[in-house]
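Each chain, written out:
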Amino acid sequence: MLIREAAPKDIPAILTIYNRAVRETTAAWTTREETLDDRLTWFEHCKNEGLPVLVASTQSGDVLGFASFGPFRPREGYRFTAEHTVYVDPLAQRQGVAFALLSQLVEIAAAKDLHLLVGVIDGDNAASIALHEKLGFEVTGRLPQAGTKFGRWLDLVLMTRVLNAGMAAPDK
Ligand SMILES: CC(C)(COP(=O)(O)OP(=O)(O)OC[C@H]1O[C@@H](n2cnc3c(N)ncnc32)[C@H](O)[C@@H]1OP(=O)(O)O)[C@@H](O)C(=O)NCCC(=O)NCCS
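Visitor: Requested: an account of the overall build of the protein chain, with residues and values cited.
Guide: In terms of helices and strands, the protein chain carries four helices and seven strands. Start at the N end of the protein chain and walk to the C end: the helices and strands fall as β-α-α-β-β-β-α-β-α-β-β. Taking the principal axes of its C-alpha atoms as reference, the protein chain extends roughly 45 × 40 × 30 Å. Residues classed as buried in the protein chain amount to 39% of the 172 residues present. Sequence separation of 24 or more characterises 64% of the internal contacts of the protein chain that already satisfy a separation of 6 or more. Roughly 9,700 Å² of accessible area belongs to the protein chain as shown, and the carbon and sulfur atoms make up 53% of that amount. Separation of charge centres in the protein chain, based on 18 positive and 21 negative side chains, amounts to 1 Å.

Visitor: I'd like a rundown of the sheet that holds strand β5 (residues 116-122), residues and numbers included.
Guide: With respect to topology, seven strands assemble into an open sheet ordered β1-β2-β3-β4-β5-β7-β6, the strand pairing being mixed. For this open sheet the edge positions go to β1 (2-5) and β6 (138-149), each flanked by a neighbour on one side alone. Going across the sheet, the axis of each strand differs from the next one's by a mean of 25°, ignoring polarity. Bridge count for strand β4 (residues 81-88) against β5 is three bridges, and the pairing is parallel. Each bridged residue has a counterpart across the sheet, and for glutamate 83 the counterpart in β5 is valine 118. Contacts between helix α3 (residues 97-111) and the sheet are confined to β1, β2 (53-57), β3 (63-71), β4, β5 and β7 (152-162), with β3 contributing the most and set at about 30° to the helix. Running at roughly 160° to β5, helix α4 (residues 126-134) makes contact with β4, β5 and β7 of the sheet.

Visitor: Any chance you could break down the site of the ligand for me, citing the residues and the numbers?
Guide: What surrounds the ligand is a group of 19 residues, the closest being Val86, Arg94, Gly96, Asn125 and Lys134. One of the backbone nitrogen or oxygen atoms of valine 86 is found 2.8 Å away from a nitrogen atom of the ligand. In the model, an oxygen atom of the ligand is placed 3.2 Å from a nitrogen or oxygen of the glutamine 95 main chain. For the ligand, whose unbound accessible area comes to 910 Å², protein coverage reaches 77%. At a threshold of 2 Å from the grid points, most atoms of the ligand map onto the largest pocket. The greatest single-element share of the shell around the ligand, amounting to five residues, is contributed by α4.

Visitor: Any chance you could break down the packing of aromatic side chains for me, citing the residues and the numbers?
Guide: Under the counting rule described, the total for this entry stands at four aromatic pairs. Summarising the aromatic geometry, the rings of tyrosine 18 and tyrosine 87 are spaced 5.5 Å apart at their centres and angled 75° between planes, so their arrangement reads as edge-to-face. Pair noted here: tyrosine 18 is in helix α1 (residues 11-24) and tyrosine 87 is in strand β4, with a separation of 69 residues, a long-range link. This pair shows no difference in class: tyrosine 18 is buried, exactly as tyrosine 87 is. Through successive ring pairs, a cluster of aromatic residues spans Tyr18, Trp42, Phe66 and Tyr87. Over the ring of tyrosine 18 we find arginine 39, and its NZ or CZ is 4.6 Å from the ring centre. The ring of phenylalanine 99 carries lysine 134 above its face, with NZ or CZ at 4.9 Å from the centroid.

Visitor: Let's hear about the pattern of salt bridges: which residues, and what values?
Guide: Taken as a whole, this structure holds eight salt bridges when the rule is applied. In this structure, aspartate 155 engages arginine 142 in a salt bridge whose closest nitrogen and oxygen atoms are separated by 3.1 Å. With aspartate 155 in strand β7 and arginine 142 in strand β6, the pair connects residues that are 13 residues apart, well separated along the chain. Ionic contacts of the salt-bridge type, sharing partners, join the residues Arg4, Lys9 and Asp10 into one network.

Criteria and cut-off values
Residues numbered from 1 in each chain as written. Predicted model: local features only at pLDDT ≥ 70, side-chain atom pairs only at ≥ 80, totals over all residues. Heavy atoms only, no water. Helix = DSSP H or I, 4+ residues; strand = E, 2+ residues; numbered from the N terminus. Buried < 20%, exposed > 50% of the residue type's maximum accessible area, 1.4 Å probe, protein only. Contact = heavy atoms within 4.5 Å. Areas by Shrake-Rupley, 256 points an atom, 1.4 Å probe, with all protein chains shown as cover. Lys, Arg positive; Asp, Glu negative; His and termini not counted. Charge placed at Lys NZ, Arg CZ, Asp CG, Glu CD. Pairing = 2+ DSSP bridges. Axes fitted to C-alpha atoms, helices over the stretch in contact; angles between N-to-C directions. Near = heavy atom within 4 Å. Polar contact = N/O pair within 3.5 Å; in protein donor to acceptor, adjacent residues only side chain to side chain. 1 Å grid on protein atoms, 1.4 Å probe; cavity = no way out; pocket = protein on both sides within 12 Å on 5 of 7 lines; lining within 4 Å. Sits in = over half its atoms within 2 Å of the grid points. Phe/Tyr/Trp six-rings, centres within 6.5 Å; stacked < 30°, edge-to-face > 60°. Lys NZ or Arg CZ within 6 Å of the ring centre and 35° of its normal. Salt bridge = Lys/Arg side-chain N within 4 Å of Asp/Glu carboxyl O.

Read these as geometric descriptors, not functional statements.
Right under this line is the structure:
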C-alpha cells in the first residue's frame, strides 16, 4: 500500500467510495450522492487552499481510501483547528488503510503548525471511534440527537487530538 497525494485521476474512485458510504452508512449525514463535478470542484478547492488530499493505493494505482482536512469553522479564531475526514473502500477495510492515512494526515497537520485536529463522528460509528482512539484522539464532546438519517436520531461525537502541544497561542 502507498500513501500519496491524490491526483485528478483518483477522483472517480474517491467519488465511488464516498457515494457508497452515503448510501450505506451514517458516516456522512446526507442521502445526497455527489457528482463527478462536485468532487472535482472540491479537489480544486483543496489544491487552491493548500489542503491535503491523501489516497491510499495499491502499487498498480487502485484507490483503497482517501483522507483530507479543512477548516473546522470559518472565523479566524479557529485557524489553528482543522476537521478531517477518512473513507475506506469496504473491500479494503480492517487492513490498516485508515490508520496509515490518518497517521500521515496528522504529520502534515503538525508540520503546518495546526494545534487541534477534530473528528466529527456518528456516535454509533464504533469503527471510527476505535480508529481515532488508536491514533491518540479522545472523545471531548457529545451532542445527543444532533442529526438524523435512516429514520433515527444520531448522536454527534467530537474526537480531538492536540498537535504541537507546547505551542503558545498567538498574540491576536
Ligand atoms: C472507519 C473506517 C475509516 C476505518 O477504516 P479501516 O481502514 O478499516 O481501519 P483500519 O484497518 O486502519 O483500523 C485501525 C483501527 O481502527 C479500529 N477499527 C477499524 N475498523 C473497525 C471495526 N469495524 N470495528 C472495530 N474497530 C475497528 C481498530 O482499532 C483498528 O485497529 P486494529 O485493526 O489493530 O484492531 C472505515 O470503516 C470506513 O471507511 N467506514 C465508512 C466511512 C467512515 O465511517 N468514515 C469515518 C467518518 S468519521
